[in-house]
Amino acid sequence: MTQGPTYGFDTLQIHAGARPDPATGARQVPIYQTTAYVFRDADHAAALFNLQEVGYIYSRLTNPTVAALQERIATLEGGAGAVCCSSGHAAQIMALFPLMGPGLNIVASSRLYGGTITQFSQTFKRFGWSAKFVDFDDLAAVKAAIDDNTRAIFGETIANPGGYVTDLPALAAIADAAGIPLIVDNTSATPYLCRPIEHGATLVVHSTTKYLTGNGTVTGGCVVDSGKFNWSASDKFPSLSAPEPAYHGLRFHETFGSLAYTFHSIAIGLRDLGMTMNPQAAHYTLMGIETLSLRMDKHVANAKRVAEWLENDPRVDYVTYAGLKSSPYHKRVGSICPKGAGALFTFAVKGGYKACVKLVDSLEIFSHVANLGDARSLVIHSASTTHRQLTVEQQRAAGAAPEVVRLSIGIEDADDLIADLDQALAKATA
Ligand SMILES: *Cc1c(COP(=O)(O)O)cnc(C)c1O
């Protein structure tokens with residue numbers, strides 16, 4: 001369909017990026033299960049390889065099913081373009097790849113998905129990259145951490161695992177002043193609850209594994225570019241501003257303008273890193289996104305009810321849900337994600353680590369898995385699982401203290417979820 005700002009979110013989540021298949025008229029986006037595409041003739045092939053014409057060459061780079069998903073996510077986020085990847089972690093590497101090089105660093109929030117902290121603090125070193133972790137509520141500390149070698153600021157809209165809401169406009173202002181992009185992991189908010197580009201983000205990354213797919217079937221990731229950053233304003237981003245030897249000295253920013261970052265991610269990133277999403281995964285995620293707004297409204301309503309119930313239970317010490325009036329982030333929810341604070345939060349069980357483990361084992365509807373953003377309600381004790389590699393101080397800083405359990409509230413009946421927590425709390429604190 002033709003796109004316009006006139007279409008609402010519910011329309012775009014179904015139609016953006018999709019059009020009846022030109023060959024068959026198929027109404028649903030077909031799964032183009034092919035690795036390669038026949039060139040019209042030798043000139044066509046040469047034009048494609050020179051990036052003079054946009055088209056399909058090989059599915060490591062582009063595939064029509066994946067392209068439909070890319071266009072849909074870019075539209076929902078209000079971006080200029082998007083590139084899908086094999087997982088959320090792949091998307092993070094892909095997002096940073098055009099910006100980084102040996103000796104360069106990023107400033108990252110200390111409150112991030114546990115796997116992201118591990119990727120940034122351990123695997124980054126193999127590339128000669130590094131991350132400085134800072135409490136993003138301390139804006140002076142964020143500013144102070146930026147140096148001449150910093151190439152991005154990285155945070156999550158609604159940060160894992162505690163559900164903290166990040167002050168995106170304040171961070172965007174700091175990034176702007178430093179001439180570097182703000183990258184926002186919007187996995188736990190989704191573009192339905194928050195569109196970080198509207199708050200000044202340059203790049204948005206997703207684990208599409210979570211709410212965008214919504215049913216726990218496939219892993220995937222996505223990098224969305226706002227198209228607004230001036231990569232040529234300094235010599236900090238030569239991948240985008242300087243001549244590219246692999247394409248006869250072409251300068252991506254000068255040549256492709258607002259699509260420079262997206263084209264670079266395909267023509268260099270996917271070409272050489274190969275972290276490609278497959279068309280089957282794109283199909284499942286396209287299906288999932290069609291109901292994103294309906295699911296997110298229910299996730300939020302359920303999370304609010306469960307969090308309020310837990311907060312009033314004497315067996316619970318505290319609940320971190322930003323949607324609660326008692327949360328220090330409650331005001332920020334109104335400006336950053338007014339439709340709700342997501343469905344991810346932690347609560348502290350009286351009885352500490354042991355009671356948490358017992359609680360997790362006693363729950364019946366909640367599944368004990370290292371995942372979030374599923375239609376099903378999920379639980380995990382971060383300190384003994386996802387955040388296990390961290391020190392206790394790092395765990396506390398990340399909001400994954402030993403005495404807290406993380407919930408990802410699904411779209412079941414809220415009464416059933418509360419009853420399940422009630423019986424498990426009884427066993428855990430007996
Ligand atoms: C799951 C997740 C990731 C990693 O995504 P994968 O698809 O598992 O690789 C990154 N960030 C957040 C916030 C996540 O929830």
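Here is what the cut-offs are and how they apply
Residues numbered from 1 in each chain as written. Predicted model: local features only at pLDDT ≥ 70, side-chain atom pairs only at ≥ 80, totals over all residues. Heavy atoms only, no water. Buried < 20%, exposed > 50% of the residue type's maximum accessible area, 1.4 Å probe, protein only. Helix = DSSP H or I, 4+ residues; strand = E, 2+ residues; numbered from the N terminus. Arc of directions from axis to C-beta. Polar contact = N/O pair within 3.5 Å; in protein donor to acceptor, adjacent residues only side chain to side chain. Pairing = 2+ DSSP bridges. Axes fitted to C-alpha atoms, helices over the stretch in contact; angles between N-to-C directions. Contact = heavy atoms within 4.5 Å. Phe/Tyr/Trp six-rings, centres within 6.5 Å; stacked < 30°, edge-to-face > 60°. Lys NZ or Arg CZ within 6 Å of the ring centre and 35° of its normal. Near = heavy atom within 4 Å. Areas by Shrake-Rupley, 256 points an atom, 1.4 Å probe, with all protein chains shown as cover. 1 Å grid on protein atoms, 1.4 Å probe; cavity = no way out; pocket = protein on both sides within 12 Å on 5 of 7 lines; lining within 4 Å. Sits in = over half its atoms within 2 Å of the grid points. Nonpolar A, V, L, I, M, F, W, Y, C, P; charged D, E, K, R; others polar. Salt bridge = Lys/Arg side-chain N within 4 Å of Asp/Glu carboxyl O. Domains from an automatic or database assignment. Buried area = accessible area lost by both parts, 1.4 Å probe.

Draft legend 1. Here's a closer look at helix H2 (residues 42–49). Listing the buried residues of H2 in full gives His44, Ala45, Ala47 and Leu48. Along the axis of H2, the buried positions cluster into a sector of 165°, meaning they face one direction only. Along H2, the residues that are exposed and aim more than 90 degrees away from the buried face are Ala42 and Asp43. The residue sitting at the N-terminus of H2 and contributing the capping side-chain oxygen is Asp41; that oxygen lies 3.1 Å from the backbone nitrogen of Asp43. Downstream of H2 by a residue or two, Leu51 has a phi angle that is positive, lying close to 60°.

Draft legend 2. Molecular detail of the sheet that holds strand S3 (residues 130–134). One open sheet holds the 7 strands; their spatial order is S1-S9-S8-S7-S4-S2-S3, and the pairing between them is mixed. For this open sheet the edge positions go to strand S1 (81–85) and S3, each flanked by a neighbour on one side alone. Between one strand and the next, the sheet's axes are offset by a mean angle of 20°, whatever the strand orientation. Where helix H3 (residues 64–77) meets the sheet, its contacts fall on S1, strand S8 (203–207) and strand S9 (221–225), and the angle it forms with S1 comes to roughly 130°. Against the sheet, helix H5 (residues 114–121) makes contact with strand S2 (105–109), S3 and strand S4 (150–156), and its axis sits at roughly 135° relative to S3, the strand it touches most.

Draft legend 3. Quick peek at the packing of aromatic side chains. Counting across every chain of the model gives 16 aromatic pairs. Ring centres of Phe252 and Phe256 lie 5.7 Å apart, and the angle between their planes is 45°; on these two criteria the pair is classed as tilted. Of the two residues, Phe252 and Phe256 are both situated in helix H10 (residues 252–256); the distance of 4 residues between them amounts to about one turn of the helix. Accessibility classification places Phe252 together with Phe256 in one group, the buried group. Above the plane of the ring of Tyr164 lies Arg111, whose end atom (NZ or CZ) is 4.1 Å from the centre.

Draft legend 4. Structural view of the site of the ligand. Around the ligand, the structure places 15 residues, and the nearest of them are Gly88, Asp185, Ser207, Thr209 and Lys210. For the ligand, a nitrogen atom lies 2.7 Å from a polar atom in the side chain of Asp185. With respect to the ligand, the side chain of Lys210 contributes an N or O atom lying 2.7 Å from an oxygen atom. Burial of the ligand by the protein chains amounts to 92% of its free accessible area of 380 Å². Under a 2 Å grid-point criterion requiring more than half of the atoms, the pocket assigned to the ligand is the second largest pocket. The element best represented in the shell around the ligand is helix H4 (residues 88–96), accounting for 3 residues. Tallied by class, residues from the shell around the ligand come to 2 nonpolar, 10 polar and 3 charged.

Draft legend 5. The pattern of salt bridges, seen in detail. Under the counting rule described, the total for this entry stands at 15 salt bridges. The partner of Arg40 in a salt bridge is Glu53, and the shortest N-O contact between them spans 3.3 Å. Note that Arg40 is positioned in the loop between helix H1 (9–15) and H2 and Glu53 in the loop between H2 and H3, a separation of 13 residues in sequence. Its relative accessible area of 31% is what places Glu53 among the partly exposed residues. One salt bridge in this structure joins Asp147 and Lys132, with 2.8 Å as the shortest N-O distance. Of the two residues, Asp147 is situated in the loop between helix H6 (139–145) and S4 and Lys132 in strand S3; the sequence distance between them amounts to 15 residues. Through salt bridges that share partners, Arg111, Asp135, Asp137 and Arg332 make up one connected network.

Draft legend 6. Structural detail: the environment of Asp420. With respect to the helices, strands and loops of the structure, Asp420 is situated in helix H17 (residues 414–428). Taking relative accessible area as the criterion, Asp420 reaches 4% and is therefore assigned buried. Between the C-alpha atom of Asp420 and that of Ile73, which follows or precedes it by 347 residues, the distance is 35 Å. Once residues lying within four places of it in the same chain are set aside, the contact partners of Asp420 are Leu363, Glu364, Ile365 and Phe366.

Draft legend 7. Highlighting the domain arrangement of the protein. Domain annotation for the protein reports domain 1 (27–288) and domain 2 (293–428). On a C-alpha basis, the centroid separation for the pair domain 1 and domain 2 is 29 Å. Listed per partner, the contact involves 35 residues of domain 1 and 39 residues of domain 2. Among the residues of domain 1 in contact with domain 2, Pro161, Tyr192 and Tyr211 are the three that bury the most area, contributing 27% of the side total. For the pair domain 1 and domain 2, the number of links is 1 salt bridge. The tally of links between domain 1 and domain 2 comes to 11 residue pairs in polar contact (both at pLDDT 80 or more).

Draft legend 8. Spatial organisation of the environment of Val134. By secondary structure assignment, the location of Val134 is in strand S3. When the C-alpha positions of Val134 and Ala397 are compared, they lie 9.5 Å apart, and in sequence the two are 263 residues distant.

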